[in-house]
Amino acid sequence: MNDALIKEFEAIVGKENVMHAEADRQAYSYDAAVLEPVVPDLVVRPTTSEALGKTVRLCNENALPITPRGAGTNLSGGTIPGRKGVVLLTNSLNKIIEINEQDMYAVVQPGVVTAKFAAEVARRGLFYPPDPGSQAVSTLGGNVAENAGGLRGLKYGVTKDYVMGVDFFDVNGELVKAGSRTVKCVTGFNLSALQVAGEGSLGVINEIIFKLVPPPAANKAMMAVFDSIDKASETVAAIIAGKIVPCTLELMDKKTIELVEAFTKAGLPTDAAAILLIEVDGHPAQVADEAEKVVEIARRIGAIDVRAASSDAERNKIWEARRAALPALARARPTTVLEDATVPRSQIPTMIRAINRIAEKYNVTIGTFGHAGDGNLHPTILCDRRDKEEFKRVEDAVDEIFEVALSLKGTLSGEHGIGLAKAKWLEKETSPATIAYAKKIKAAIDPKGILNPGKIIGA
């Protein structure tokens, strides 16, 4: 990139917020997906909304690809700058602008860290349920761009269920306002929805209005232990079929249990074939009733033990162990391929059996954990990408996992997005007409194709 253009960016955001040294650019060439890094030409970090809009405009005037980036925790390559250009950092736009306790909404900038926002909301006596695994570092703009989920998705839904409005910059740097602070709003097209799971390919998020809800009055966490993963997965289906909707219903297979226990010393039963971590919440009487029914169902199907947390400390220990699943698995081998193929809940037993069959067929190690209650499993393949023969088997196994998920009327991604990693499979789940329709929208909104090019619908 020529010096004159770099100086134009510096004039907008300040010299200290423009990074063009090789070492700086390398740091923004990758994210959490197992994909080849791509080094951008420039990294720009606006600290005001005005600077954000001007940066987008300057990029468009010079046909420079833009890759919006929050914390870079994306698992599908959504923040890898596929065509180089400018990585646009939003992590300095990190103000909680308003938390309205009376009307139960909040207005935030995109760079606010998810867990910090949830904690501040809780301090005000309200509840923001989406809790992606990366919430300690992920940003709310990224959560919207990927429609992030989390452990509570079964009962409380995902990020899109809490988005009331999004202000964003179009490709010309003009501010587009969408949605409102009201419960109901049918003013114009639902342009906020274009930004949810849009992965920054249709605009650059400036502010978000989130719905907040009252926190549950009570909760109860339990751990059900099984000597067969089939029994665990059948219990998941039976709990849902019993018209019980836990706020959290998580599964860990034997491989995951062993690695998490070695990592956390949380007291997980390493001799079990699988465990379910379950939490019900709501009115105290409802919690007691549903907890009793969950225990009865788990034992009827074959749980060898069902333990209830007797204190907040025990409850926290259970969920800390679950949240440690990915880092624990990642310690086992140099490369961790984490997928999120999702199936209808009734198909969980079939999907679990298929994953185990695929692991055996391709001779790969797969630890499976995830949000079994909403059908969103995370088969996690532990491997070494430097071993080309092994990694080819891993890629074949991933292909077959997605084939099975789609054959069961499932979806390619429950919460990780499509990004670069899954774009090649998108037509298998949708149709050629769907891809063509999406490309027409993209071409109309972004004629030069600079907004996060290559993501979701390919080039």
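All values reported here derive from a predicted model rather than from experimental measurement. (Residues numbered from 1 in each chain as written. Predicted model: local features only at pLDDT ≥ 70, side-chain atom pairs only at ≥ 80, totals over all residues. Heavy atoms only, no water.)

Helix and strand counts for the chain stand at 16 helices and 16 strands. Its C-alpha radius of gyration of 22 Å places the chain within 12% of the 23 Å reference for a compact globule of 459 residues. For the chain, the spread of C-alpha atoms along the three principal axes comes to 70 × 60 × 45 Å. In the chain, which comprises 459 residues, the share counted as buried stands at 56%. Sequence separation of 24 or more characterises 72% of the internal contacts of the chain that already satisfy a separation of 6 or more. Accessible surface computed for the chain: about 19400 Å², of which carbon and sulfur atoms make up 52%. The chain carries 54 positive and 58 negative side-chain charges, and their two centres are separated by 1 Å. (Helix = DSSP H or I, 4+ residues; strand = E, 2+ residues; numbered from the N terminus. Rg over C-alpha atoms; globule rule 2.2 N^0.38 Å. Buried < 20%, exposed > 50% of the residue type's maximum accessible area, 1.4 Å probe, protein only. Contact = heavy atoms within 4.5 Å. Areas by Shrake-Rupley, 256 points an atom, 1.4 Å probe, with all protein chains shown as cover. Lys, Arg positive; Asp, Glu negative; His and termini not counted. Charge placed at Lys NZ, Arg CZ, Asp CG, Glu CD.)

This next bit is on the domain arrangement of the chain. The domain boundaries assigned to the chain delineate domain 1 (3-89), domain 2 (96-211) and domain 3 (218-408). A C-alpha centroid distance of 37 Å is found between domain 1 and domain 3. When the two sides are added together, the surface that domain 1 and domain 3 hide from each other amounts to roughly 380 Å², 62% of it contributed by carbon and sulfur. When residues of domain 1 are sorted by the area they lose upon contact with domain 3, V34, E36 and L75 head the list and together hold 91% of the total. Counting the contacts that link domain 1 with domain 3 gives one salt bridge. For R385, the salt bridge is made with E36, and the minimal N-O distance between the two is 3.5 Å. Inspection of the domain 1/domain 3 interface yields zero residue pairs in polar contact (both at pLDDT 80 or more). Split into classes, the residues belonging to the side of domain 1 that touches domain 3 amount to three nonpolar, no polar and one charged. (Domains from an automatic or database assignment. Buried area = accessible area lost by both parts, 1.4 Å probe. Salt bridge = Lys/Arg side-chain N within 4 Å of Asp/Glu carboxyl O. Polar contact = N/O pair within 3.5 Å; in protein donor to acceptor, adjacent residues only side chain to side chain. Nonpolar A, V, L, I, M, F, W, Y, C, P; charged D, E, K, R; others polar.)

A few words now on the pairing of strand β9 (residues 204-211). Burial within β9 is extensive, with six of its eight residues counted as buried. Relative to β9, strand β6 (residues 105-108) runs antiparallel, the two sharing four bridges. Opposite V108, over in β9, you have I208 as the bridge partner. Here strand β7 (residues 163-169) runs beside β9; their pairing, made up of six bridges, is antiparallel. (Pairing = 2+ DSSP bridges.)

On to the pattern of salt bridges. Tallied over the entire structure, the rule returns 29 salt bridges. Residue R152 pairs with D131 through a salt bridge whose shortest N-O separation is 3.8 Å. A residue pair is termed long-range when its members are at least 10 positions apart, and R152 in the loop between α5 (140-146) and α6 (153-156) and D131 in the loop between α4 (114-123) and α5 qualify at 21 residues. Overall, the relative accessible area of 2% leaves D131 in the buried class. The residue R315 makes a salt bridge to E279 at a minimum N-O spacing of 2.8 Å. Highlighted residues: R315 in helix α11 (residues 312-323) and E279 in strand β12 (residues 274-282), separated in sequence by 36 residues.

What follows concerns the nonpolar core. Buried together is how nonpolar side chains tend to be arranged in soluble globular proteins. Among the nonpolar cores identified, the biggest contains 60 residues, and L249, L276, I278, M351, I381 and V394 are the most heavily contacted of them. Per element, the largest residue contribution to this core is nine residues, and it comes from helix α14 (residues 388-407). Within the second largest apolar cluster, 24 residues are counted, among which are F117, Y128, F168 and V213. (Core = buried A, V, L, I, M, F, W, Y, C linked by side-chain atoms within 4.5 Å.)

Okay, the sheet that holds strand β2 (residues 42-44) next. Ordered by their spatial adjacency, four strands build an open sheet running β1-β2-β4-β3, and the pairing between neighbours is mixed. Whereas interior strands pair on both sides, the edge strands pair on one side only; in this sheet they are β1 (18-19) and β3 (66-69). Pairing of β3 with strand β4 (residues 86-89) involves four bridges; the strand directions are parallel. Considered in β4, the bridge of T67 is made with V87. This element, helix α3 (residues 49-61), spans β2, β3 and β4 of the sheet and lies at about 170° to β4. (Axes fitted to C-alpha atoms, helices over the stretch in contact; angles between N-to-C directions.)

For helix α1 (residues 3-13), every residue scored as buried is listed here: L5, I6, F9, E10 and V13. All buried residues of α1 lie within an arc of 145° about the axis, which places them on one face of the element. Exposed and facing more than 90 degrees away from the buried side of α1 are D3, A4, K7 and A11. Close packing links the buried residues of α1 with β1, β2, α3 and β4. For α1, the N-terminal capping position is held by N2, with its side-chain oxygen 3.1 Å away from the main-chain nitrogen of A4. G14 sits one or two positions beyond α1 and adopts a positive phi of about 95°. (Arc of directions from axis to C-beta.)

Time to look at the packing of aromatic side chains. Scanning the model with the defined rule gives six aromatic pairs in all. Relative to Y128, the ring of F117 has its centre 5.0 Å away and its plane inclined at 65°; by these criteria the two rings are edge-to-face. Here Y128 lies in the loop between α4 and α5 and F117 lies in helix α4, a separation of eleven residues in the sequence. Relative accessible area serves as the criterion here: at 2%, Y128 is assigned to the buried category. With centroids separated by 5.3 Å and ring planes inclined at 90°, the aromatic side chains of F127 and Y156 adopt a geometry described as edge-to-face. Residue F127 is located in the loop between α4 and α5, and its partner Y156 is located in helix α6; the two are separated by 29 residues in the primary sequence. The two residues F127 and Y156 agree in class, both being buried. (Phe/Tyr/Trp six-rings, centres within 6.5 Å; stacked < 30°, edge-to-face > 60°.)

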